Number of protein chains: 2
Amino acid sequence: MAGHVSDAVIRRLPGYYRHLRELEAMGVMSISSQELGERMNLTPSQIRQDINCFGGFGRQGYGYKVTELKGHIGEILGLDQQHRLIILGAGNIGCAVAQYPTFSREGFKTVALFDTQENKVGRSLGDIPVKHMDTLEEFIRENVVDIAVLALPKRHAQEALHRLYDCGVRAIWNFAPTDLNHPEDMLVVNVHLSDSLQQLSYRMAHRNDP
Amino acid sequence: MAGHVSDAVIRRLPGYYRHLRELEAMGVMSISSQELGERMNLTPSQIRQDINCFGGFGRQGYGYKVTELKGHIGEILGLDQQHRLIILGAGNIGCAVAQYPTFSREGFKTVALFDTQENKVGRSLGDIPVKHMDTLEEFIRENVVDIAVLALPKRHAQEALHRLYDCGVRAIWNFAPTDLNHPEDMLVVNVHLSDSLQQLSYRMAHRNDP
């Protein structure tokens, strides 16, 4: 990828990937910056700028080849690689992540869930086993784990993060509704569901503002 | 609120609210822009700018009063008002939203879930009834509904949105992994879980970039 990519572009990349995948599924071969912009609610010039920024795939007057561009963005996003996930917490959110329809085809493979509740441990979700939290370290020693998903109550999240760090996990996808302290060499991406709902409520409260 | 507020500030508002709530729970009375910035990974001057932008609550040298600022931001976010939610889809994501720990104290009250599966309809989740999708219009006619949460498969999401619009619902919180077409006077906020996981994978792929 050519040079520095801004956070704003990085935030938009998954949206590009999603739209291009939908276009590909619809059988669209190529798309103009105009049309892609309309779908994504961006201006054509912003589209061209973004795509130039990650390597320049446009050909004046021909539009973008959908499959080629999708493949290229997928590579930038690291989706050409397999990522092995474990999920801590086999409640609603943990199970939703384990069964999320698009993850497996994007290379995210859940290999185990962990929980402490007796009625969950030992069962399985599809072909994903639910293991006891006490066996977390042992499992990580014996299996490749790229990403750990925190889907457990807020009060257990910080301790879990440290246990994961101590056995070498360096990437966390956190659903616990709190910002966790973490060592600098650990990546943490948060999903704060509440933030998103509050943005909706903000927009409802201000829908009639000038 | 004073004048125009940028999208970037609006995106940060829920984070302010979350951190201030945590500080309040810890018994912190006031906080400097320096300390709040460290917690939130923002510079003190950005903190001061943001807070000035939504009304100016700082007093040079005294810091911000935690409870007062939290209350003020809560009002801006519309959290001083009760919002009544219905959830379409009583699967993992629908149930996770219905039982999410912080929503009720932020004024978001789920009043019903809707599904089509016989083994779910007629049951209840805590005190929230699961109703049949066929009764959606009737329910909305007879009850105040401020927000509808789409937690159903992608292929049913667009049709559900139109049904909701036709009976007057104007705010959608969408978990279906697609961008929906919607009339201009309908607010739609998307939670694309995949986007967030892809951001993590992007950062993993580029963690050693200069």
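This part takes up the overall build of chain A. Looking only at helices and strands, chain A has eight helices and nine strands in total. For chain A, the spread of C-alpha atoms along the three principal axes comes to 60 × 45 × 35 Å. Among the 210 residues that make up chain A, the fraction classed as buried is 51%. With an accessible surface of roughly 10200 Å², chain A has 46% of that area assigned to carbon and sulfur atoms. Across chain A, the 22 positively charged side chains and the 25 negatively charged ones have centroids separated by 5 Å.

All names here are of chain A. Burial runs high along strand E3 (residues 83–88): five of the six residues are buried. By the bridge criterion, six bridges tie E3 to strand E4 (residues 108–115) in an arrangement that is parallel. Paired with Ile-86 across the strands is Ala-112, a residue of E4. Alignment of E3 against strand E7 (residues 147–150), held across four bridges, turns out to be parallel. Bridge pairing links Ile-87 to Val-149 in E7.

In this assembly, 60 residues from chain B lie in contact with 60 residues from chain A. When chain B packs against chain A, close to 5500 Å² is buried across both sides, 61% of that on carbon and sulfur atoms. The largest contributions to the chain B side of the interface with chain A come from Leu197(B), Gln198(B) and Tyr202(B), which together make up 13% of the buried area. Here chain B and chain A share six salt bridges between them.

A separate point is the sheet that holds strand E8 (residues 171–174) of chain B. Here seven strands make up an open sheet; going across it, the order is E5-E6-E4-E3-E7-E8-E9 (chain B) and the pairing mixed. Of all the strands in the sheet, the pair left with one neighbour each is strand E5 (124–125) and strand E9 (187–190) of chain B. Packing of helix H8 (residues 193–205) of chain A onto the sheet brings it into contact with strand E3 (83–88), strand E4 (108–115), strand E7 (147–150), E8 and E9 of chain B, and relative to E9(B) it is tilted by some 165 degrees. Lying over the sheet, helix H7 (residues 154–166) of chain B contacts E3, E7, E8 and E9 of chain B, oriented at roughly 170 degrees with respect to E7(B).

At an RMSD of 0.0 Å, chain B and chain A line up after a rotation of 180 degrees and a shift of 0.0 Å along the axis. Those values place the two copies in the arrangement expected of a two-fold rotation axis. Of the C-alpha atoms belonging to chain B, the one lying closest to the rotation axis is found on Asn92(B), 2.4 Å away. A shared binding surface is used by both copies, with 100% of the interface residues of chain B retained as interface residues in chain A.

This next bit is on the nonpolar core. The biggest cluster of nonpolar side chains holds 104 residues, and the ones touching the most others in it are Trp173(A) and Trp173(B). Those residues in contact with Trp173(B) that sit more than four places away from it in its chain are Leu193(A), Ser196(A), Leu197(A), Leu200(A), Val97(B), Phe103(B), Ile147(B), Ala148(B), Val149(B), Leu150(B), Val189(B) and Val191(B).

Turning next to the pattern of salt bridges. All told, the structure shown has 19 salt bridges over all chains when counted by the stated rule. In this structure, Asp50(B) and Arg12(B) form a salt bridge, with 2.7 Å as the shortest nitrogen-oxygen distance. With Asp50(B) in helix H3 (residues 44–53) and Arg12(B) in helix H1 (residues 7–25), this residue pair connects regions lying 38 residues apart in the sequence. Among the residues examined, Arg12(B) registers a relative accessible area of 22% and is labelled partly exposed. Across the pair Arg170(B) and Asp185(B) runs a salt bridge whose closest N-O atoms are separated by 3.4 Å. Note that Arg170(B) is positioned in the loop between H7 and E8 and Asp185(B) in the loop between E8 and E9, a separation of 15 residues in sequence. Several salt bridges share partner residues, and in doing so they unite Arg18(A), Asp179(B) and Asp195(B) into one network.

All names here are of chain A. Structurally, Ile-51 can be placed in helix H3 (residues 44–53). What makes Ile-51 buried here is its relative accessible area of 1%. C-alpha separation for the pair Ile-51 and Leu-13, spaced 38 residues apart in sequence, amounts to 9.5 Å.

Before going further, it helps to examine the side chain of Thr110(B). Residues and elements named next belong to chain B. Checked against the element boundaries, Thr-110 lands in strand E4. Overall, the relative accessible area of 14% leaves Thr-110 in the buried class. Beyond its immediate stretch of four places on either side in the chain, Thr-110 contacts Leu-85, Ile-87, Ala-98 and Ile-128.

Three or more residues of helix H4 (residues 66–76) of chain B are buried, namely Val66(B), Leu69(B), Lys70(B), Ile73(B), Gly74(B) and Ile76(B). Along the long axis of H4(B), the arc covered by the buried residues comes to 155 degrees, so they all point the same way. Along its buried surface, H4(B) packs onto H8 of chain A together with H1, strand E1 (30–31), H3 and strand E2 (64–65) of chain B. The positive-phi residue at the C-terminal boundary of H4(B) is Gly78(B), with phi of around 80 degrees.

On to the confidence of the model for chain A. This prediction gives chain A a mean pLDDT of 92; 95% of its residues lie at or above 70. Confidence metrics for the complex model read pTM 0.89 and ipTM 0.90.

Attention now goes to the packing of helix H1 (residues 7–25) of chain A against helix H4 (residues 66–76) of chain A. Residue and element names in this part refer to chain A. It is the contact of H1 with H4, at a shortest axis distance of 9 Å, that shows an interaxial angle of 145 degrees. Our pair here, H1 against H4, has a crossing hand that is left-handed. Counting all contacts with H1, which are made through Leu-13, Tyr-16, Tyr-17, Leu-20, Arg-21, Leu-23 and Glu-24, the residues of H4 involved are Val-66, Thr-67, Leu-69, Lys-70, Ile-73, Gly-74 and Ile-76.

Our next topic: the pairing of E7(A). Residues and elements named next belong to chain A. Because side chains alternate across E7, one face comprises the buried residues Ile-147 and Val-149, and the other comprises Ala-148 and Leu-150, equally buried. As paired strands, E7 and strand E8 (residues 171–174) are joined by three bridges and run parallel to one another. Looking at the pairing, Ala-148 lines up with Ile-172 of E8. On the question of chirality, the crossover connecting E7 to the parallel E8 by way of helix H7 (residues 154–166) is right-handed.

Scoring rules and cut-offs
Residues numbered from 1 in each chain as written. Chains lettered and ligands numbered in written order. Predicted model: local features only at pLDDT ≥ 70, side-chain atom pairs only at ≥ 80, totals over all residues. Heavy atoms only, no water. Helix = DSSP H or I, 4+ residues; strand = E, 2+ residues; numbered from the N terminus. Buried < 20%, exposed > 50% of the residue type's maximum accessible area, 1.4 Å probe, protein only. Areas by Shrake-Rupley, 256 points an atom, 1.4 Å probe, with all protein chains shown as cover. Lys, Arg positive; Asp, Glu negative; His and termini not counted. Charge placed at Lys NZ, Arg CZ, Asp CG, Glu CD. Pairing = 2+ DSSP bridges. Contact = heavy atoms within 4.5 Å. Buried area = accessible area lost by both parts, 1.4 Å probe. Salt bridge = Lys/Arg side-chain N within 4 Å of Asp/Glu carboxyl O. Axes fitted to C-alpha atoms, helices over the stretch in contact; angles between N-to-C directions. Least-squares fit on C-alpha atoms with pLDDT ≥ 70 in both. Core = buried A, V, L, I, M, F, W, Y, C linked by side-chain atoms within 4.5 Å. Arc of directions from axis to C-beta. pLDDT = per-residue confidence, 0-100. Left-handed = near helix turned anticlockwise from the far one by under 90°. Right-handed = clockwise from strand over helix to strand, strands pointing away.

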